[in-house]
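Chain residues, written in single-letter form:
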Amino acid sequence: WKVYEQLLELHPDKEFIDVVCDNARYYKNKTLQERLKGTKIKQIFLPAYSPNLNLIERLWKFMRKKVIDSCFYRKFEHFKEKVFEFFEPIAQYQQELETLISWNFHVHKSKTSFH
């Protein structure tokens, strides 16, 4: 809820605030849904099984390609170390990530309208 409160504070002049969410349970819990009633925040849920639309899923896939798919780890500690080694200097992957993680989606015409 605090993130939503921050959005309301940061954008008091906006008529609508659309928040794109995956289908995690915490976005749909009753307490949050009650608090959102009467606000200008509208949650827009990504379709199920659409990791290509969820930017964090693209990052996880990239990390798997660089860290997991290229090696077998016998010990969890070694695996964990390699994951941290990937994320600490993540700026080294900036060019690759800029093309992979962007809002440049191909949009199909749809009858769905949010407002």
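Everything here concerns the structure above.
Residue indices follow the written sequence of each chain, beginning from 1 at its first position. Side-chain atom pairs in this predicted model are given and counted only at pLDDT of 80 or more, local residue features only at pLDDT of at least 70, and totals for whole chains, interfaces and linings cover all residues. Water and hydrogen atoms play no part in the side-chain values, which are based on all heavy atoms of the structure.

Trainee: Which residues make up the packing of aromatic side chains, and what are the values?
Mentor: Two rings belonging to Phe, Tyr or Trp (six-membered ring only in the last case) form a pair when the distance between their centres is within 6.5 Å. Interplanar angles under 30 degrees mark stacking, angles over 60 mark edge-to-face geometry, and anything in between is tilted. Applying the stated rule across the entire model yields eight aromatic pairs. Seen from their ring centres, F86 and F87 are 4.8 Å apart, and the 85° between their planes marks the pair as edge-to-face. Using a relative accessible area of 3% as the deciding quantity, one classes F86 as buried. As a reminder, the over-ring test applies to NZ of lysine and CZ of arginine, requiring each to be within 6 Å of the ring centre and within 35 degrees of the ring normal. Just above the ring of F45 sits the side chain of K28; from NZ or CZ to the centre is 4.8 Å. Note on exposure labels: buried denotes an accessible area under 20% of the residue type's maximum, exposed denotes more than 50%, and partly exposed covers the range between, all computed with a 1.4 Å probe on protein chains only.

Trainee: Describe the side chain of Q43, listing the residues and the values that go with them.
Mentor: Helix and strand definitions here come from DSSP, where helices need a minimum of 4 consecutive H or I residues and strands a minimum of 2 consecutive E residues; each element is numbered from the N-terminal end. Residue placement: Q43 occurs in strand β2 (residues 41–45). Residue classification places Q43 among the buried residues on the basis of a relative accessible area of 11%. Nitrogen and oxygen atoms within 3.5 Å of one another constitute a polar contact, given that in protein one can donate a hydrogen and the other can accept it, and given that sequence-neighbouring residues count only through two side-chain atoms. Looking at Q43, its side chain comes within polar contact range of the main-chain oxygen of Y27, at 3.0 Å. Only 2.8 Å separates the side chain of Q43 from the side chain of Q33, close enough to count as a polar contact.

Trainee: I'd like to hear about the nonpolar core, residue by residue, with values.
Mentor: The set of buried Ala, Val, Leu, Ile, Met, Phe, Trp, Tyr and Cys residues whose side-chain atoms join them within 4.5 Å is what this entry labels a nonpolar core. Within the largest apolar cluster, nine residues are counted, these being L59, F62, M63, V67, Y73, V83, F86, Y93 and L97. Here this core gets four residues from one element, more than from any other, and that element is helix α4 (residues 55–68). The contact partners of Y73, leaving out residues within four places of it in the chain, are V67, I68, H78, F79 and K82. Among the nonpolar cores identified, the runner-up in size contains seven residues, and I17, V19, C21 and L32 belong to it. In this description, contact between two residues means that some pair of their heavy atoms is separated by no more than 4.5 Å.

Trainee: Can you explain the pattern of salt bridges? Please cite residues and give values.
Mentor: The salt bridge criterion pairs a side-chain nitrogen of Lys or Arg with a carboxyl oxygen of Asp or Glu, the two atoms within 4 Å. A complete count under the given rule lists three salt bridges for this structure. With its nearest N and O atoms 3.0 Å apart, the salt bridge here joins K37 to E34. With a closest N to O distance of 3.4 Å, E85 and K82 form a salt bridge. Residue E85 and its partner K82 are located together in helix α5 (residues 76–87), separated by three residues, close to a single helical turn. With a relative accessible area of 37%, E85 lands in the partly exposed category.

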